[in-house]
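Spelled out, the chains give:
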Amino acid sequence: MKMRYAIIGTGAVGGYFGGRLAHDGHDVHFLLHSDYDHVLRHGLQVFSCNGDFHLQHPNAYSSTADMPQADVVLVALKSVNEALLKTLLPPLLKPDTLVVLIQNGIGLEQDVQQWFPKLHLAAGIAFIYSSKTQAGVVSHVGYGRLNIADYSCPDPQRIVQLVADLNAAGVEAHRVEYAEARWKKSVWNMPFNGLTVVLNTQTDKLLQNSVTEHLIREMMQEVIGAAQHLGVQRIDPSYAEQMLEMTKAMVPYSPSMKLDYDFHRPMEIHYLYTRPIQLAAEAGFPMPRLQMLEQQLKFLEASTALSL
């Protein structure tokens, strides 16, 4: 069966993964907000280290009410907009629609499942370095993997086909275990997103300084310890070293939270910090360094809001 895809959040992530699927000939429908008029006139341009492409006439919409029902919905909204899914999702859903949350953090699927108890959900764990550089333009400079972790989908074949479609479209994709995947991504996300904001820097600078490299290593161990206390099996202290070596090999990079802060957008503090810290505390594992980072981020966000 050829699946129909809907993309909620056609930005740096949704624009890339959805664009790859559309470029490969799949039936893909894109929800846009500020870029809608531009994409309608000029299409969607992706500049990628894996090959540039341009979608001249993508299926573009400004409202999900106008979109057809989909077999798979890829959600690439920032998690600060999570509550919008209560109204965005229903027009797209069939009884067997799979919704994949390509978002950062812990606890996303639990909340969406509470809003839609019968919804088939999966997590999309993206390893990609891309940004939306201007209206209708995505710049992809590194990586580009999308792992899919089942959360509540009763039909494993739907996930098998999604992974196969992504790979055929030039996106490296794998099926992975849910809790392990979410927490392993947090090992990188929690130290680097917040520290680049509070120290006003990029990833490479943090690792070129022995003090901040040591701090990142300690923060990573906090995340690993929290995951272990919450029952994640295949994660141990050596994973931090893997993440550090991977980051040292990257081009200098500003994570999504740093870009959000620089452009005076809300930061994804709740699902990236508050929620995992709370869950770890409930399991009897404190995260003092990351809790301090969370508090610093909340201070900066409040200060920015007051200055606007």
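So, a few notes on the structure that sits alongside this text.

1. Side note on the nonpolar core
Line of reasoning, step 1. Counting 40 residues, the largest nonpolar core has Tyr273, Met287 and Leu290 as the members making the most contacts within it.
Line of reasoning, step 2. Elements that contribute at least two residues to this core include exactly helix H6 (178–198), helix H7 (203–208), helix H8 (210–229), helix H9 (238–248), helix H11 (269–282) and helix H12 (288–307).
Line of reasoning, step 3. The residues touching tyrosine 273, leaving out its near neighbours within four places in the chain, are Asn189, Met190, Asn193, Gly194, Met257, Leu290, Leu293, Glu294 and Leu297.
Line of reasoning, step 4. Residues Tyr5, Phe17, Val138 and Leu146 belong to the second largest nonpolar core, which totals 34 residues.

2. Some remarks on the packing of aromatic side chains
Line of reasoning, step 1. Counted under the stated rule, the structure contains five aromatic pairs.
Line of reasoning, step 2. Here tryptophan 188 and phenylalanine 192 contribute two aromatic rings whose centre-to-centre distance is 4.8 Å and whose plane-to-plane angle is 25 degrees, an arrangement assigned as stacked. Residue tryptophan 188 and its partner phenylalanine 192 are both found in helix H6; the two are separated by four residues, about one turn of the helix.
Line of reasoning, step 3. On the basis of relative accessible area, phenylalanine 192 is assigned to the buried category, the value being 0%.
Line of reasoning, step 4. These aromatic residues form a ring-pair network of at least three members: Tyr129, Tyr143 and Tyr253.
Line of reasoning, step 5. Over the ring of phenylalanine 127 we find arginine 145, and its NZ or CZ is 4.2 Å from the ring centre.
Line of reasoning, step 6. Above the plane of the ring of phenylalanine 127 lies lysine 185, whose end atom (NZ or CZ) is 5.3 Å from the centre.

3. Considerations on the pattern of salt bridges
Line of reasoning, step 1. Throughout the structure, instances matching the rule amount to 19 salt bridges.
Line of reasoning, step 2. A salt bridge links glutamate 180 to arginine 234, with the shortest nitrogen-to-oxygen separation between them at 3.1 Å. With glutamate 180 in helix H6 and arginine 234 in the loop between H8 and H9, this residue pair connects regions lying 54 residues apart in the sequence.
Line of reasoning, step 3. Note that glutamate 294 and lysine 298 form a salt bridge whose closest N and O atoms lie 3.2 Å from each other. In this pair, glutamate 294 and lysine 298 both sit in helix H12, four residues apart, roughly one turn of the helix.
Line of reasoning, step 4. Among the residues examined, lysine 298 registers a relative accessible area of 40% and is labelled partly exposed.
Line of reasoning, step 5. Among the ionic contacts, a cluster of salt bridges with common partners joins Glu213, Arg217, Glu241, Glu245 and Lys248.

4. Notes on the environment of glutamate 301
Line of reasoning, step 1. With respect to the secondary-structure elements, glutamate 301 resides in helix H12.
Line of reasoning, step 2. For glutamate 301, a relative accessible area of 27% corresponds to the partly exposed category.
Line of reasoning, step 3. Between the alpha carbons of glutamate 301 and tyrosine 261 there is a distance of 7.8 Å; along the sequence they are 40 residues apart.
Line of reasoning, step 4. With residues near it in sequence (within four places) discarded, glutamate 301 still touches Arg265, Pro266, Met267 and Ile269.

Parameters and conventions
The residue numbering used here restarts from 1 in each chain and proceeds along that chain's sequence as written. In keeping with the predicted nature of the model, local features appear solely for residues at pLDDT of at least 70, side-chain atom pairs appear and are counted solely at 80 or more, and the whole-chain, interface and lining totals rest on all residues. Based on all heavy atoms of the structure, the side-chain values leave hydrogens and waters out of the count. Here, nonpolar core means buried Ala, Val, Leu, Ile, Met, Phe, Trp, Tyr and Cys residues that are tied together by side-chain atoms lying within 4.5 Å of each other. Burial classification: accessible surface area is computed with a 1.4 Å probe over protein chains only, and a residue below 20% of its type maximum counts as buried, one above 50% as exposed, and the rest as partly exposed. Helix numbering and strand numbering both begin at the N terminus, where a helix is a DSSP run of H or I of at least 4 residues and a strand a DSSP run of E of at least 2. The contact definition used throughout considers only heavy atoms, calling two residues in contact when any of these lie within 4.5 Å. Here a Phe, Tyr or Trp ring, Trp counted by its six-membered ring, pairs with any other such ring whose centre lies within 6.5 Å, and the pair is stacked when the planes are under 30 degrees apart, edge-to-face when over 60, and tilted otherwise. Over a ring means this: the NZ of a Lys or the CZ of an Arg is within 6 Å of the ring centre and within 35 degrees of the ring normal. Basic side-chain nitrogens of Lys or Arg form a salt bridge, by our definition, when they fall within 4 Å of a carboxyl oxygen of Asp or Glu.

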